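# Structural characterization, general
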Amino acid sequence: MYFIRPYLGWYLIGWVFLILSSSAGLIFPYLMGKLLGSTANMSTSSSESIGLLTMDNATDVAFALFLLFAFQALFSFVRVVIFNNVTENTLRDLRNNAFKKMVFMPMAFFDTNKVGELTSRVSSDITQIQETLRTTIAEFFRQVIIILGGVAFLFMISWKLALIMLGTVPVMAVLAVFFGRFIRRLSKQAQDYAAESNSIIEETLAGISNVKAFTFEKFAIGNYDRKTQEIRNLNVRSGIWRGLFVSFIIFCLFGAIVFIVWQGLLMTQGNNPELSNEGFYQFVLFTIMMGASVGSLPDLYSNIQKTMGATENLMEILNDVEETQMQSGTLSHGIDGSILFKDVNFRYAQRDDVQVLKNVSFSIAQNDKIALVGSSGSGKTTIASLMLNFYSVSAGEIIMNGAPISDYDINYLRSNMAYVPQDVLLFSGSIFENIQFGDPNASKSEVIEAAKKANAWEFISSFPSGLDTEVGDRGIQLSGGQKQRIAIARAILKNPTILILDEATSALDSVSEKLVQEALDILMKDRTSIVIAHRLSTIKKADMILVLENGVVSESGKHKDLMAANGAYAKLVEMQQLDS
Ligand SMILES: Nc1ncnc2c1ncn2[C@@H]1O[C@H](COP(=O)(O)OP(=O)(O)OP(=O)(O)O)[C@@H](O)[C@H]1O
Ligand SMILES: [Mg+2]
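Leu372, Ile488 and Ala489 are the most contacted members of the largest nonpolar core, which totals 70 residues. If one sorts the elements of this core by residue count, helix α15 (residues 480-494) sits on top with 7 residues. Ala489 has contacts with Ile435, Ala450, Ala451, Ala454 and Ala456, leaving out every residue within four places of it along the chain. Ranked by size, the runner-up nonpolar core spans 24 residues in total, among them Leu35, Leu154, Leu161 and Ala256.

In structure tokens, the structure reads:
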């Protein structure tokens, strides 16, 4: 795997220790058999030696066993620590890369992937990989080494018994592969359900005020209950299969052991036995040990299979195309605030039956103030998203200072814009951090200056901890108008060439409206501003008003002219004045 590569050296050392400790494990039944055999042989005083060591003294053998355990303990310690370190390093890189990748994904990726599902998917995949890298693979190969070494020893002791033994092992191995696949399919399905159920929790808790206001709790709980029930059923079913499999193997295993012990005992009988007592004990011990190894293989194997599924999932994300790879623009100078929309057509990728923008054309000169008005769903926010190059146009062109926006480096483009969205999101952290977000290099006095210009300083300084007040999940919740002014301070700090403001429809009370409006007037000075406007006061001052209806620009011009024309705009204004 690619992410292990930097730690391959250590990983290989870990493998050496794995092989050492597993091989040492193989000596155990050999010596133990000798120990048991030597006590039995003492009465008959036949002290022939088999194999590498010539020890007919029980004390010597026991001593050798202690030594063996000491070595094995040391090898295993080193192996566990090294594998663990390699795993943790690898996972850190994997986590960082997965997050980096997701952050750089184009907007369309987030339209088609549920955020909750994505995060729980990634974290569960990583946990799966962690377990496997740390222990499962090592364990699997330890068992394989024991089995292979065991077979070799068995042949040394008695080829006849070894053949009997081998008659059962391959059968079980084939069954293991077959069952492993089957169980893997079931558990992958369960993982998918688990990710879905997590996204229910995330969405419900993230929108808890909506949930409570609509007394949606029971419904959400019902949805969740159904999912957890499905997960349970699936896992219960796969548990039964696993259980069946294990018990089947155990049955065969003990059957085989009894059979071999019986055959072996027969061989030790008679005047000229084919097998010595030592050999017999060694054989039995080897067989039991190998039996246990074979029995543990299917679980380990299915675990590795599961991890391969998880790795595939992660790799899909890691190999996905990033925004900057999709858009190869490199131009990093020239944005001056002039914007030209030329016959822009647009559809969202995941809903390509609906044409959201139809032949939208308009031009904005440097430092113009543009108001974008129109009914809900007419495509105003979409136009803002296109200017930020969140999506590529389906047809037509957006040109800034002579160059199509796709020619600009995406970071350069966005660093020249500030976007105050319809629903301001504050990150968990202090108010200071939330404003500094506009310019990470800004000093404290610059942040305060921006807050003052945004008419936010008054309420911020009224808090006991001032700028250091925590907001969001862990801190206080700000009102809609306060959040907006924080976002405006953020934009002031960024000092962009182009300002895009998506005004919230929610009416502010007249005092906050006045404060926000003042802040906006300061912000909009000396730069190109596109305001998706609901406030008549903002609209009246605009150099040009664009009226959008169902994705089409139906009217454009100054307030006075449009009122005189008595068209769609005049109707909108009339309604708003009746409202207020
Ligand atoms: N991410 C998206 N994926 C698919 N369709 C979308 C997406 N965002 C918006 N739309 C659709 O595009 C159309 C225009 O949406 P848009 O958000 O631009 O409207 P809007 O003019 O900003 O409305 P509002 O005044 O309510 O904010 C709507 O029909 C909407 O359903
Ligand atoms: Mg909108």
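Near ligand 1 lie 13 residues; those nearest to it are Tyr348, Ser376, Lys380, Thr381 and Thr382. Per-element tally for the shell around ligand 1: the top contributor is helix α10 (residues 380-387), with 3 residues. Classifying every residue of the shell around ligand 1 by side-chain character gives 2 nonpolar, 8 polar and 3 charged.

Within the open sheet, the 4 strands sit side by side as β2-β1-β4-β5. Their pairing is antiparallel. The sheet terminates laterally at β2 (357-364) and β5 (403-404), the two strands that pair on one side only. The pairing of strand β1 (residues 339-346) with strand β4 (residues 395-400) spans 5 bridges and is classified as antiparallel. In the strand pairing of β4, Lys342 is matched with Glu397. Packed onto the sheet, α10 meets β1, β2 and β4 and runs at close to 115 degrees relative to β1.

With that settled, the discussion passes to unusual backbone geometry. With a phi close to 45 degrees, Asp343 is a non-glycine residue in the positive phi region. Looking at the secondary structure, you find Asp343 in strand β1.

Two packed helices can be described by the angle between their axes and the distance between those axes. Across the interface, helix α2 (residues 58-103) lies against helix α4 (residues 115-157) with an axial gap of 9 Å and an inter-helix angle of 160 degrees. When the axis of α2 is compared with that of α4, the two are roughly antiparallel. Viewed along their axes, α2 and α4 form a crossing whose handedness is right-handed. Here α2 contributes Arg79, Phe83, Asn84, Thr87, Thr90, Leu91, Leu94, Arg95, Ala98 and Met102 to the contact with α4, which in turn contributes Leu118, Val122, Ile126, Ile129, Gln130, Leu133, Arg134 and Ala138.

Each full turn of the α-helix corresponds to 3.6 residues, which orients residues three or four apart in the same direction. Helix length check: helix α16 (residues 510-524), at 15 residues, gives a terminal C-alpha distance of 20 Å against a target of 21 Å (1.5 Å per residue), a fit within 8%. Those residues of α16 that are buried lie in contact with β3 (369-374), α13 (444-453), α15, β9 (498-502), β10 (528-532) and α17 (536-540). Asp526 occupies a position one or two residues after α16 and carries a positive phi of about 60 degrees.

Next up on the list: the packing of α15 against α16. Look at α15 against α16: their axes get within 10 Å of each other, and the N-to-C directions meet at 10 degrees. Here α15 lies roughly parallel to α16, going by the angle between them. Contact with α15, carried on its side by Gly481, Gln484, Arg485, Ile488, Ala491 and Ile492, involves Ser512, Leu515, Val516, Ala519, Leu520 and Leu523 of α16 and no other residues of that element. Residues belonging to the contact of α15 with α16 are distributed by class as follows: 8 nonpolar, 3 polar and 1 charged.

Looking at the protein, the pLDDT average stands at 84 and 92% of residues meet or exceed 70. The least confident element of the protein is helix α9 (residues 323-326), whose mean pLDDT is 71; the most confident is β1, at 96. Below a pLDDT of 50 lies the segment residues 42-55, which in the model reaches 13 contacts outside its immediate sequence neighbourhood of four places, other chains included.

The mixed open sheet is built from 6 strands, whose spatial order is β6-β9-β10-β3-β11-β12. Pairing within the sheet leaves two strands with one partner each, and these edge strands are β6 (417-420) and β12 (552-557). Ignoring strand direction, the axes of neighbouring strands in this sheet form an average angle of 15 degrees. Packed on one face of the sheet, α15 meets β6 and β9 and runs near 180 degrees to β6.

What counts and how
- Residues numbered from 1 in each chain as written.
- Chains lettered and ligands numbered in written order.
- Predicted model: local features only at pLDDT ≥ 70, side-chain atom pairs only at ≥ 80, totals over all residues.
- Core = buried A, V, L, I, M, F, W, Y, C linked by C-beta atoms within 7 Å.
- Buried ≥ 20, exposed ≤ 12 C-beta atoms within 10 Å, placed from the backbone.
- Helix = DSSP H or I, 4+ residues; strand = E, 2+ residues; numbered from the N terminus.
- Contact = placed C-beta atoms within 7 Å.
- Near = placed C-beta within 6 Å.
- Nonpolar A, V, L, I, M, F, W, Y, C, P; charged D, E, K, R; others polar.
- Pairing = 2+ DSSP bridges.
- Axes fitted to C-alpha atoms, helices over the stretch in contact; angles between N-to-C directions.
- Parallel < 35°, antiparallel > 145°, perpendicular 65-115°, else oblique.
- Left-handed = near helix turned anticlockwise from the far one by under 90°.
- Expected span 1.5 Å × (residues − 1).
- pLDDT = per-residue confidence, 0-100.

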